[in-house]
Amino acid sequence: MKKFTALLLALALLSSMSALAEVCSEGEQVRPFRILSQTMVTGYPEDDADNLSIQEITRRTGVEFTVEGYSDSTEYRTKLSLSVASGDMPDLWYGSVADVMEWKNQGLIIPLTDLIEKYGQDMLPYIYPSALDAFTFDGEIWGLPSMYLLSEPGNDSASTGMLLREDWLDNLGLSAPTTLDELHDVLYQFTYNDPDGNGVNDTYGMGQSSSVLSNGSNSFNLVYNAFGVVANYWKEQADGTIVKGFMTDEFEQALEVLRAWYAEGIIDPEFPVMSNDNVIEKIIASKVGGFMMSAWTTDATAPTEASLKALVPEGNITAYSSVVGPNGDQGVPAAFSSWRTIVISATCEQPELLMKFLNWFSLDVENWLLSENGIRGVHWDFDENGDFYRIEPYVNQTNLYAEGFCNATRIQTMTDRRYNTDEVLNAIAAINASGVIDNALWATTTAETEYADIESDMAATVIKIVQGEEDMDALYAARERYLSSGGQAIQDEANEIYATMK
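Everything quoted here is computed from the prediction, not taken from an experiment.

A. A look at the sheet that holds strand S8 (residues 204-206). One open sheet accounts for 4 strands, arranged S8-S11-S7-S12; its pairing is mixed. The sheet is open, and its two borders are formed by S8 and strand S12 (317-320), each paired with just one other strand. When the angles between neighbouring strand axes are averaged without regard to direction, this sheet yields 30°. In this structure, S8 lies alongside strand S11 (residues 288-294), joined through 2 bridges in parallel fashion.

B. Focus on the pairing of strand S1 (residues 33-37). Counting buried residues along S1, 4 of its 5 residues qualify, which places the element largely inside the surrounding structure. Two elements, S1 and strand S2 (residues 65-69), share 5 bridges in a ladder whose sense is parallel. Within S2, the residue paired with Ile35 across the bridge is Val67. After leaving S1, the chain enters helix H2 (residues 52-61) and then returns to the sheet as S2, a path that is right-handed.

C. Molecular detail of the pairing of strand S7 (residues 160-165). Most of S7 sits out of view: 6 of its 6 residues are buried. Sheet analysis places S7 next to S12, joined by 4 bridges and oriented antiparallel. By the bridge assignment, Met162 is partnered in S12 with Tyr320.

D. Region of the structure containing the packing of helix H8 (residues 180-192) against helix H10 (residues 249-264). Their axes nearest at 11 Å, the elements H8 and H10 cross at an angle of 20°. The angle between the axes of H8 and H10 places the two elements in the roughly parallel class. Considering how the two elements wind past one another, H8 and H10 form a crossing that is right-handed. The segment H8 lies against H10, with Leu180, Leu183, His184, Leu187, Tyr188 and Tyr192 engaging Val257, Trp261 and Glu264.

E. Quick peek at the side chain of Asn373. By secondary structure assignment, the location of Asn373 is in helix H14 (residues 365-373). On the accessibility criterion, Asn373 (5% relative accessible area) is buried. At 3.0 Å, the side chain of Asn373 forms a polar contact with the side chain of Arg390. Those residues in contact with Asn373, other than ones at most four positions away along the chain, are His379, Trp380, Phe388, Arg390, Leu400 and Phe405.

F. Spatial organisation of the nonpolar core. If you look at the biggest cluster of nonpolar residues, it comprises 74 residues, and the most contacted ones within it are Val212, Leu213, Phe220, Tyr224, Phe251, Trp261 and Ile267. Ranked by the residues each element gives to this core, the list is headed by helix H19 (residues 473-501), at 8 residues. Beyond its immediate sequence surroundings of up to four residues, Phe220 is in contact with Met206, Gln208, Val212, Leu258, Ile267, Phe271 and Val466. Ranked by size, the runner-up nonpolar core spans 69 residues in total, among them Cys24, Tyr76, Leu92 and Leu369.

G. Structural context of the environment of Pro129. Topologically, Pro129 is positioned in helix H6 (residues 129-134). Along the chain, Pro129 and Ile391 lie 262 residues apart, while their C-alpha atoms are 36 Å from each other.

H. Quick peek at the environment of Ile283. Relative to the helices and strands, Ile283 is located in helix H11 (residues 276-284). Sequence separation of Ile283 and Leu82 is 201 residues, and the distance between their C-alpha atoms is 34 Å.

I. Layout of the state of the cysteines. Taken as a whole and assessed by the stated rule, the structure comprises 0 disulfides. Cysteine Cys24 remains unbridged, with the sulfur of Cys348 as its closest cysteine sulfur at 12 Å. By relative accessible area, which is 3% here, Cys24 ends up buried. Overall, the relative accessible area of 9% leaves Cys348 in the buried class.

J. Spatial organisation of empty space enclosed by the protein. All chains considered together, the criterion is met by 2 cavities of 30 Å³ or more. A per-class count over the lining of the largest cavity returns 6 nonpolar, 4 polar and no charged. Lining of the second largest cavity is provided by Val30, Arg31, Phe33, Asp91, Glu349 and Gln350. Residue composition of the lining of the second largest cavity, by class: 2 nonpolar, 1 polar and 3 charged.

K. Structural detail: the pattern of salt bridges. Inspection of every chain in the model, using the stated rule, returns 20 salt bridges. Of the charged contacts in the structure, one is a salt bridge between Asp167 and Arg165, with a shortest N-O distance of 2.8 Å. For Asp167, a relative accessible area of 8% translates into the label buried. Notably, a salt bridge pairs Glu305 with Lys309, separated by 3.9 Å at the nearest N-O pair. Residue Glu305 and its partner Lys309 are located together in helix H12 (residues 303-311), separated by 4 residues, close to a single helical turn. Sharing partners across several salt bridges, the network here consists of Arg31, Asp91 and Glu349.

L. Inspection of the confidence of the model for the protein at higher detail. Of the residues in the protein, 94% have a pLDDT of 70 or more, and the chain-wide mean is 90. Taken as a whole, residues 1-20 scores under 50 in pLDDT and shows 41 contacts with residues more than four places along the chain or in a different chain.

M. Region of interest: helix H18 (residues 456-467). Here H18 is 12 residues long and its end C-alpha atoms lie 17 Å apart, about the 16 Å a rise of 1.5 Å per residue gives. Downstream of H18 by a residue or two, Gly468 has a phi angle that is positive, lying close to 85°.

Basis of the calculations
- Residues numbered from 1 in each chain as written.
- Predicted model: local features only at pLDDT ≥ 70, side-chain atom pairs only at ≥ 80, totals over all residues.
- Heavy atoms only, no water.
- Pairing = 2+ DSSP bridges.
- Helix = DSSP H or I, 4+ residues; strand = E, 2+ residues; numbered from the N terminus.
- Axes fitted to C-alpha atoms, helices over the stretch in contact; angles between N-to-C directions.
- Buried < 20%, exposed > 50% of the residue type's maximum accessible area, 1.4 Å probe, protein only.
- Right-handed = clockwise from strand over helix to strand, strands pointing away.
- Parallel < 35°, antiparallel > 145°, perpendicular 65-115°, else oblique.
- Left-handed = near helix turned anticlockwise from the far one by under 90°.
- Contact = heavy atoms within 4.5 Å.
- Polar contact = N/O pair within 3.5 Å; in protein donor to acceptor, adjacent residues only side chain to side chain.
- Core = buried A, V, L, I, M, F, W, Y, C linked by side-chain atoms within 4.5 Å.
- Disulfide = S-S within 2.5 Å.
- 1 Å grid on protein atoms, 1.4 Å probe; cavity = no way out; pocket = protein on both sides within 12 Å on 5 of 7 lines; lining within 4 Å.
- Points joined across faces, edges and corners; volume = space filled by probe spheres on them.
- Nonpolar A, V, L, I, M, F, W, Y, C, P; charged D, E, K, R; others polar.
- Salt bridge = Lys/Arg side-chain N within 4 Å of Asp/Glu carboxyl O.
- pLDDT = per-residue confidence, 0-100.
- Expected span 1.5 Å × (residues − 1).

In structure tokens form, the structure reads like this:
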């Protein structure tokens with residue numbers, strides 16, 4: 001392995017077509033930056049001496065760094081907790097809006113506004129303004145969102161939408177649904193008409209997790225969105241004020257539909273205890289046929305579809321446009337588009353140099369292709385039409401992983417979705433074809449940082465209502481609890497901000 005890596009490194013020195021853009025001069029760096037990643041893959045080199053990705057990025061930038069990664073979110077968070085307890089913090093790691101708010105309140109991370117202004121300007125054209133708003137608290141940016149090549153096909157706002165087992169539709173002679181009523185009929189037949197043909201009543205129409213208020217892989221959005229609402233997004237009301245989606249009449253109407261569907265048995269009854277990983281397990285096992293998932297779920301070379309086809313060769317997951325609701329509403333949740341947001345530790349000794357390093361990835365297309373896809377001329381290249389292609393034996397991504405080229409070493413995430421399979425690109429196009437439901441306010445209020453877990457009671461109530469354990473009065477009571485427990489302060493501040501934007 002080491003001889004092979006050395007050979008490739010030698011080839012890289014000759015064949016790389018990207019000019020060096022040194023970030024760090026010799027003797028400038030105090031110590032290697034420590035990066036904690038939650039996107040580790042099987043086969044990633046255990047020894048940095050075998051990691052061509054780290055070696056090549058360091059060669060081009062002069063910046064030294066190590067990566068410790070985990071594929072399991074629990075292990076990742078456990079490692080982070082242990083680091084906090086010991087005081088031995090990584091310099092850089094990743095998190096969600098809620099995570100960043102919590103870490104900011106704990107004093108674990110530093111604000112990035114000045115660093116971005118001085119050393120990160122080249123990244124800004126590739127970051128959705130809504131993403132920066134989402135990670136801005138108390139007038140400071142605390143998280144550095146992912147970057148996107150925004151003007152190119154495939155880089156649309158949304159990449160999560162309605163996915164169905166196309167082979168089940170074919171087996172039952174069904175067409176793809178276009179209305180909420182048609183979706184109900186498809187899910188009903190997926191549940192009761194033996195779509196997999198095994199002669200056993202062992203399938204459900206809708207697969208769902210316990211994340212009933214999220215804007216991501218939340219299958220209840222198939223219904224919420226048909227009423228023009230996203231549960232945790234701000235929605236403008238007739239009087240010009242904004243409220244959370246779960247406070248609207250439209251949400252109540254959607255909840256009535258979900259309650260009826262659950263009573264019919266077309267929603268997996270185990271959803272209250274299901275994680276998203278559990279839903280994926282059921283997709284692979286052919287237990288559920290309709291769900292809200294990422295476009296990458298449709299990729300025949302990716303784990304979910306590949307695992308399904310290993311069990312059911314004709315199995316096929318396809319993305320479709322969102323369905324139209326009774327009032328003519330449709331769409332999918334607009335995304336602020338940061339699937340991996342960077343924070344910098346309060347213990348980082350050289351945050352200025354680290355920001356310069358992050359900015360380097362936005363300076364040239366080959367810089368940001370390098371960390372995940374490898375070295376041009378060795379691992380990949382562009383053909384005469386300018387299209388990206390992988391060079392054998394790196395068509396098999398396992399061979400890339402073995403040399404460190406993957407998301408774990410993809411430090412600052414630049415996404416250009418043109419470099420994906422046709423299945424993924426077709427899925428993204430289908431998902432966005434019916435438009436998106438925007439969030440009226442992406443900014444995070446100061447009050448939200450004080451009441452970080454305020455929506456958990458609402459989520460628990462929604463689950464009980466859908467299961468039929470509570471009636472709609474429970475929703476009204478949960479709304480009152482939300483307002484009295486900090487929700488009113490959040491809502492008031494959000495409206496103050498919103499008024500200045502109109």
